[in-house]
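Descriptive analysis of the structure
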Amino acid sequence: MTKNERKSDAVSTQKPLSRLAKQGKRENDERFQRTLLLLALVALLTFIIVPKGVLTPTEFGPGDIAPRDIKAPHDLLIPDDDLSEQKRVEAEKAVAHLYDFDPATGTAVTEQVVQVITSLHKDQEQAVDTEKQLAELEANFGIKPSNKTLAALKEVSTLEDSNRRIAEVILPLYHQKVAGNLKLFEADRSKGVIFRGPDEQPEFLDKGVEKIIGLGELHDSLKKALGTTEFTSKQQMALRELIVPLLRPNISFNQNETEARRSFAREEVKPVLIQVKKGEMIVREGDRITADQLKRLGALQDENSAGSLWRKASGILLSCFILIYFVHTFARRNIRKYQPENRDLLFLASVFVVQILALKVSIFIANALGSAFPYVEPNAYYYLFPFAVGTMLVRVVLNSEVSLVFAILSSILTAVLFGNSFAVLIFAFLTSLSGAHWVRHVTERSSLFRAGLRLGMFNFVLLFALHLTTSRPFDLQLLYKLGFSFTGGLVAAVMVTGIVPLVESLFRYTTNIKLLELANMNNPLLRDLMVQAPGTYHHSIIVGNLAEAAAENIGVNPLMVRVAAYYHDIGKVRKPQYFIENIGGQENRHDKLAPSMSALILMAHVKDGVEMARESRLGRALMDIIRQHHGTSLMKFFYDRAKSKADPEVEQIDERDYRYPGPKPQTREAALVMLADAIEAASRTLTDPTPARIQGMVQKIINNIFIDGQLDECELTLKDINNIAKSFKLVLGGIFHYRVDYPEPVSKERSIEKSTGSLNEDRDRKSTEEPEDQQNSTAKSSTDDLKRLGMS
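All of the points below concern the structure found in this document. Computed from a predicted model, the values in this text were never measured in an experiment.

Digging into the side chain of Arg-395
- Summarising the element assignment, Arg-395 is placed in helix H14 (residues 389-397).
- Put simply, Arg-395 is tucked away with no salt bridge, and the nearest opposite charge, on Glu-401, sits 7.0 Å away.
- Here the side chain of Arg-395 touches Arg-440 through a polar contact of 3.2 Å, landing on its backbone oxygen.
- In contact with Arg-395, not counting residues within four places along its chain, are Ser-400, Ser-403, Ala-436, Val-439 and Arg-440.

What follows is the structure, given as structure tokens:
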């Protein structure tokens, strides 16, 4: 390997590496731009959506005059503090007073009395002095009887059945409930009393029937009970003096537990909320503001406070980011035709923001109209809004897959804008899809208005169907809504018609409407092509017919393909005499040029065509097809010519120098133009264009292009290629159809014209049998056509 060859290999190795580095940097830049665009989009959407409804004034007082109508922008639940406090107080009062009931109180008192009597009996047996006995009674039982009483009690202690007699006196006294403060109990009883027994005995409610006595009545009952016993009067008085201090009530008020239960009941009361429905009038203009209205205005103001707005903004910002990012990512990875570029994303974001902003403004307008025309509900005007405009624009400019994703996102955020309305979500989504469906192939401007009419009828039926799912009556408001929904479809079509030219200008898109304008043969580029390169002009017309027929057969936009075919060779206008179809009877200039120079001239028409398309603002789609319509195909005629002239030992002919710069066709439209271009040129080489020869020629050219790898980067399938070949054969069969032989005079006249060297012979009108010299002439012309293609 020579030094020059090694250097050439090193340079060729460095070029791909440099190209990969540039490509990686470009991808990083595009990724950063997409991220920045996403953040800007969600920030703008949040800013538009968050401040819902009208903003309430900061200062209002009771009796102030309302400066304007104020309605609830959405459903509100307003806490009523006064009513809530009233409910809490009522809950507290409803809690019954809790009294502890001890059924063993009589037994306990009896045991204490018996213990005193028993201790006195023991002390008497042990001859304990009186003073000591008094001291023990005071210390142990809290009583201090007189000496006289003590003596009588000692007598009772000597009786054999004293304990039994005492029990028969005391125990019957506690067969009824005894209250310590009878008046206080009666007051509580009027409000409700619950008795609670010891341990785990169930509580029971006092029904107000049972008699409750106080301590005073208990003392009287004790006196009566002692009077019926066999004790002496002295002993009765002593026992009464002993028992009365030991008597106690068997029901007692439990204040701590009652207060705890009241606190619990108070806490269990939920705040009383006043429900204000969305659109409900809070206060009308000119009315005095009442205390109740002031509460509602205050709640509305609290919802629009800084803290509340920041919280809502954060939630909506995060929700929008998650929604848009994951829907976009899913669609990009799973939907084949959803591959938007950064320009497309900028367009989608712009449409998104403008549509949501327009709907926001429309809500304010609808509320104003509702105040001006109270006989029409404000929400009826919502159906006048053109919900489908954004999706229809996306479908006209881009494709169905992108418009579907846009419809999903815009419908969800539209529903959020309208207070999370599910009905709005369904209506906006379906009307957007239907609008996009009817503008999928706009072949004339009137198609948009027909789409608007169909969309209006669809809105009418859809709204009626949604109304049937509710229980609302068929009233006048329904007629207003149906009329507005129909009008909304027409308004959407009118808006799309007016916005499409603006979108084409701002974002440099080539829509079907733009293509209709470019298809006009009076376009300056086509007129220049017709005047300066008439052969190329007629060639482009035939290519357009071929490509359009094939496009209709395989489901590609036929208008795009036809217009692209018209402009695919506009670069030849700058050097028309260097292309064989424009030479006519003149000398071929390539005969005096080196093959490499001829190849450069042929390559230049692609670059010149792209520049002219850019200057004339034909759009990126047409520019890409112009750039790709030759792919990286080989100019075989000049390549073989260069090899035949070059000395293999001195110079090596590089095949890459004789290939078009490309890129290869990236879309089916570009591939169709490439195939039609090659087939049309090759069809000129047919000396006897019979159907069999046409079919063989078409198949051969398509196979050569396929084998050369020119179709590797587009989405044409083998089935598409087969259908394309059939379409080409059908169109070419119509072009090269046979005619019957002319009568003798006419044949003589044609023979005279040929002998004079006329160059205006009609190739399509030739007889089935041609003279030998005519066949030779046709063969020469065929060779020239192949030179233009770079084929032999």
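Let's talk about the packing of aromatic side chains
- Within the structure shown, the criterion is met by 23 aromatic pairs.
- Aromatic pair Tyr-381 and Phe-484: ring centres 5.2 Å apart, planes at 25°, arrangement stacked. Here the residue Tyr-381 occupies a position in the loop between helix H13 (342-372) and H14, and Phe-484 occupies one in helix H18 (residues 476-507), the gap between them amounting to 103 residues.
- With a centroid separation of 6.1 Å and an interplanar angle of 35°, the aromatic rings of Phe-464 and Phe-474 are classed as tilted. Here Phe-464 is found in helix H17 (residues 446-468), whereas its partner Phe-474 is found in the loop between H17 and H18, with 10 residues between them in sequence.
- Counting every residue linked through ring pairs, the aromatic cluster contains Tyr-382, Tyr-383, Phe-385, Phe-387, Phe-418 and Phe-427.
- Taking NZ or CZ as reference, Lys-177 lies 5.3 Å from the ring centre of Phe-195, over its face.

Digging into the packing of H17 against H18
- Running from amino to carboxyl end, H17 crosses H18 at an angle of 150°, the nearest separation of the two axes being 8 Å. On the basis of their axis angle, the class for H17 and H18 is roughly antiparallel. As H17 packs across H18, the resulting crossing turns out to be right-handed.
- Residues of the contact of H17 with H18, tallied by class, amount to 16 nonpolar, eight polar and one charged.

As for the environment of Ala-564
- By the secondary structure assignment, Ala-564 is in helix H22 (residues 558-567).
- According to the relative accessible area criterion, Ala-564 is buried, its value standing at 2%.
- For the pair formed by Ala-564 and Ala-621, sequence separation is 57 residues and the distance between their alpha carbons is 8.6 Å.
- If sequence neighbours within four positions are ignored, Ala-564 has contacts with Leu-622, Ile-625 and Val-673.

A closer look at unusual backbone geometry
- In this model, Gly-662 is joined to Pro-663 through a cis peptide bond whose omega is 5°.
- Locating Pro-663 in the fold gives a position in the loop between helix H25 (636-645) and helix H26 (668-683).
- At Arg-508, a residue that is not glycine, the phi angle is positive and equals roughly 60°.
- Structurally, Arg-508 is set in the loop between H18 and helix H19 (512-518).
- In this model, Arg-617 sits at a positive phi of 55°, which is unusual for a non-glycine residue.
- Looking at where Arg-617 falls in the secondary structure, it is placed in the loop between helix H23 (595-615) and helix H24 (620-628).

Some words on the pattern of salt bridges
- With the rule as written, the count across this model stands at 30 salt bridges.
- In this structure, Asp-100 and Arg-196 form a salt bridge, with 3.2 Å as the shortest nitrogen-oxygen distance. Pair noted here: Asp-100 is in strand E3 (residues 97-101) and Arg-196 is in strand E5 (residues 193-196), with a separation of 96 residues, a long-range link.
- With a relative accessible area of 23%, Asp-100 lands in the partly exposed category.
- Residue Glu-680 is joined to Arg-684 by a salt bridge in which the shortest nitrogen-to-oxygen separation is 3.0 Å.
- Residue Glu-680 is classed as buried on the basis of its relative accessible area, which comes to 1%.

What to know about the nonpolar core
- Tyr-567, Val-698, Leu-716 and Phe-728 are the most contacted members of the largest nonpolar core, which totals 62 residues.
- Top contributing element to this core by residue count: H26, with 10 residues.
- Excluding anything up to four places from it in sequence, Phe-728 contacts Leu-546, Ala-547, Ala-550, Leu-672, Leu-675, Ala-676, Ile-679, Val-698 and Ile-702.
- Within the second largest apolar cluster, 52 residues are counted, among which are Tyr-382, Leu-413, Val-424 and Leu-478.

Things to note about the packing of H23 against H24
- The N-to-C vectors of H23 and H24 enclose an angle of 170°; their axes lie 8 Å apart at closest approach. Accordingly, the angle class assigned to the pair H23 and H24 is roughly antiparallel. Note on element contacts: H24 touches H23 through Met-623, Ile-626 and Arg-627, opposite Val-606, Gly-609, Val-610, Ala-613 and Arg-614.
- Partitioning the contact of H23 with H24 into residue classes produces five nonpolar, one polar and two charged.

Cut-offs applied
- Residues numbered from 1 in each chain as written.
- Predicted model: local features only at pLDDT ≥ 70, side-chain atom pairs only at ≥ 80, totals over all residues.
- Heavy atoms only, no water.
- Helix = DSSP H or I, 4+ residues; strand = E, 2+ residues; numbered from the N terminus.
- Buried < 20%, exposed > 50% of the residue type's maximum accessible area, 1.4 Å probe, protein only.
- Lys, Arg positive; Asp, Glu negative; His and termini not counted.
- Salt bridge = Lys/Arg side-chain N within 4 Å of Asp/Glu carboxyl O.
- Polar contact = N/O pair within 3.5 Å; in protein donor to acceptor, adjacent residues only side chain to side chain.
- Contact = heavy atoms within 4.5 Å.
- Phe/Tyr/Trp six-rings, centres within 6.5 Å; stacked < 30°, edge-to-face > 60°.
- Lys NZ or Arg CZ within 6 Å of the ring centre and 35° of its normal.
- Axes fitted to C-alpha atoms, helices over the stretch in contact; angles between N-to-C directions.
- Parallel < 35°, antiparallel > 145°, perpendicular 65-115°, else oblique.
- Left-handed = near helix turned anticlockwise from the far one by under 90°.
- Nonpolar A, V, L, I, M, F, W, Y, C, P; charged D, E, K, R; others polar.
- Core = buried A, V, L, I, M, F, W, Y, C linked by side-chain atoms within 4.5 Å.

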